[in-house]
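Observations on chain architecture
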Amino acid sequence: MSKRIILDCDPGHDDAIGIMLATSSSEIELLGVTTVAGNSLLENTTRNALIVLDMVGRPDIPVHSGRNAPLVRELITAASMHGDGGLDGPVPAHPSRSANPGSALEFIENILISEPEPITLVATGPLTNMADVVTKLPHLHNKIEQVVFMGGAIGLGNWTPAAEFNILVDPEAAAMVMNSGLKLTMIGLEVTHEAWLDDTHAGQLRGQGACEEFVAELLDHFVGFHQKRFGWPGAPIHDAVTIAYLIEPSLLTTLVTNVTVETQSELTLGRTVIDLYSVTGKTANVEVGTGINRDAFVTLLMQHLLTLS
Ligand code: BDR
Ligand code: CA
């Protein structure tokens, strides 16, 4: 049986590859994409989701835009990493359609009501839309099988020394999700920094078809950025790990423990505080990714990407 999911995202290079991995997998049924402001403004992340679904020949998958700003803070974008439009690299395209009418929250509500079985929510941007699900749809939480999100870190951050981007952008939303009582899996930087592709992979994709070429062009930009900025050989494909994990859970090692989010301190705002050694006695609320079989991840991702066209 395939896993029925809604992907809430802010494409973004790695979000885009996550969408493509989901559409290329027989284990996943992508019921819809919802968008949030994060890597870029909401209008850009929504347009980019539509472009990616056009590229993979799935204009039938609904796209609904959600929150255009964090719950209580000014939006921080990641233009330095993803470009002003959120998807630098490929020649800019125009989507064949507009986003579907109705907000991300309305779409998620309707799906949760109409689907007979609980569904999985995957979040690869700031958790603003997910916080709405937590606070506005409590009567439907029993229809949510789990929430798998990319965000946070056990150790150091990537946007500040203390915080990972998705959690830093909307820490109040992330705190609500952590306290929701929903079944949560966190895929943070310890995992995703191992999940990288490099120029060799772009080379393998190039010339294999329009979709593969598109991913190669995404990688040209994304790998180049990480090489220049951090001196790394490749680029972490953070968000695609959420989908890879749903396809093959044995890719990850995990630990179930307590996670809280710092929402007050200027210095450590957005830090995910992981009780790795169970020192607090607080209830375990999150299954936290602690490691990934990188070779198996790369093989799975490349195999799927190479079937796209
Ligand atoms: C996360 O931040 C964004 O820039 C990426 O799309 C990913 O979701 C990694 O910290
Ligand atoms: Ca993202």
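What counts, and where the lines are drawn
In this convention, every chain numbers its residues from 1, walking through the sequence in written order. Each chain gets a letter, beginning with A, and each ligand a number, beginning with 1, in the order they are written. Reporting of local features is limited, given that this is a predicted model, to residues whose pLDDT is at least 70; pairs of side-chain atoms are given and counted only at 80 or more, and all residues count toward the totals for whole chains, interfaces and linings. Based on all heavy atoms of the structure, the side-chain values leave hydrogens and waters out of the count. Helix numbers and strand numbers start at the N terminus; a helix is a DSSP run of H or I with at least 4 residues, a strand a run of E with at least 2. Residue count minus one, scaled by 1.5 Å, sets the expected span of a helix. The buried label applies to any residue whose accessible area, calculated with a 1.4 Å probe on protein chains only, is under 20% of its type's maximum; exposed applies above 50%, and partly exposed to all values in between. It only takes one pair of heavy atoms within 4.5 Å for two residues to be counted as in contact. In this analysis a donor is any N, O or S atom within 2.8 Å of a metal ion (3.2 Å for sodium, potassium and calcium), and since water is not included, sites may seem incomplete. The salt bridge definition used is simple: a Lys or Arg side-chain nitrogen within 4 Å of an Asp or Glu carboxyl oxygen. Any residue with a heavy atom lying within 4 Å of a molecule or strand is counted as near it. Polar contacts here mean pairs of N or O atoms no more than 3.5 Å apart (in protein, one a potential hydrogen donor and the other a potential acceptor; neighbouring residues in sequence count only if both atoms are side-chain atoms). In short, Shrake-Rupley with a 1.4 Å probe defines the accessible areas, and a residue's cover is counted only from the protein chains shown. Each residue receives one of three labels: charged for Asp, Glu, Lys and Arg, nonpolar for Ala, Val, Leu, Ile, Met, Phe, Trp, Tyr, Cys and Pro, and polar for the others, Gly being one of them. Strand pairing is defined by DSSP finding a minimum of two bridges between the two strands. Simply put, an axis is a line fit to the C-alpha atoms, just over the touching stretch for a helix, and the angle between two N-to-C directions goes from 0 to 180 degrees.

Regarding helix α12 (residues 294-305)
If you check α12, its first and last C-alpha atoms are 16 Å apart, about what 12 residues at 1.5 Å a residue would give, namely 16 Å. Looking only at α12, the buried set comprises F297, V298, L300, L301, M302, H304 and L305. Against α1 (13-23), β7 (196-197), α9 (199-205), α10 (210-230), α11 (240-247) and β12 (286-292) lie the buried residues of α12.

Structural notes on the coordination of the calcium ion (ligand 2)
At the metal site, the calcium ion (ligand 2) is ligated by D10 (OD), D15 (OD), D15 (OD), T124 (O) and D239 (OD), and these contacts range over 2.2 to 2.6 Å. Each donor residue of the calcium ion (ligand 2) belongs to the same chain, and together they define the spacing D-x4-D-x108-T-x114-D. With a gap of 115 residues between them, T124 in the loop between β4 (119-123) and α5 (128-136) and D239 in the loop between β8 (235-236) and α11 connect regions that are remote in the sequence.

Here we look at the pattern of salt bridges
If you walk through the whole model with that rule in mind, you get seven salt bridges. Between E29 and R4 there is a salt bridge, and its shortest N-O distance comes to 2.6 Å. In this pair, E29 is assigned in strand β2 (residues 28-35) and R4 in strand β1 (residues 3-9), connecting sequence segments 25 residues apart. Of the residues examined, R4 reaches a relative accessible area of 28% and is grouped as partly exposed. Among the charged side chains, a network of salt bridges with common partners joins R4, E29 and E115.

Considering the site of ligand 1
All residues in the neighbourhood of ligand 1 are listed as D14, D15, N39, H82, T124, M150, N158, E164, F165, N166, H238 and D239. A distance of 2.9 Å separates an oxygen atom of ligand 1 from a polar side-chain atom of H82. In the model, an oxygen atom of ligand 1 is placed 2.4 Å from a nitrogen or oxygen of the E164 side chain. Protein chains shield 99% of the accessible area of ligand 1, which is 280 Å² for the free molecule. Put simply, the parts of the chain that give the shell around ligand 1 at least two residues each are α1 and α6 (165-169). Considered class by class, the residues forming the shell around ligand 1 number two nonpolar, six polar and four charged.

Observations concerning the sheet that holds strand β3 (residues 63-65)
Across the sheet, which stays open at both edges, the eight strands sit in the order β3-β2-β1-β4-β5-β6-β12-β9 with mixed pairing between neighbours. The strands lining the two open edges of the sheet, one partner per strand, are β3 and β9 (252-257). The sheet shows a mean angle of 25° between the axes of neighbouring strands, direction not considered. Sheet topology places β2 next to β3; three bridges connect them, and they run parallel. Bridge pairing in β3 places T34 opposite H64. Its contacts with the sheet place α11 against β1, β2, β4, β5 (144-150), β6 (184-187), β9 and β12, and it is angled at close to 140° to β5.

Overview of the environment of E145
Take E145: it is sitting in strand β5. Using a relative accessible area of 41% as the deciding quantity, one classes E145 as partly exposed. For the pair formed by E145 and L184, sequence separation is 39 residues and the distance between their alpha carbons is 9.4 Å.

Topic: the pairing of β6
A regular strand carries its side chains on alternate faces of the sheet. Of the two faces of β6, both are covered, the one formed by L184 and M186 as well as the one formed by T185 and I187. Bridging between β5 and β6 involves four bridges; their strand directions are parallel. Across the sheet, V147 pairs through a bridge with L184, a residue of β6.

Regarding unusual backbone geometry
The omega angle of the peptide bond from P11 to G12 is -10°, so this bond is cis rather than trans. By secondary structure assignment, the location of G12 is in the loop between β1 and α1. At S278, a residue that is not glycine, the phi angle is positive and equals roughly 50°. Mapped onto the elements of the fold, S278 is located in the loop between β11 (272-274) and β12. For S278, a relative accessible area of 55% gives the class exposed.

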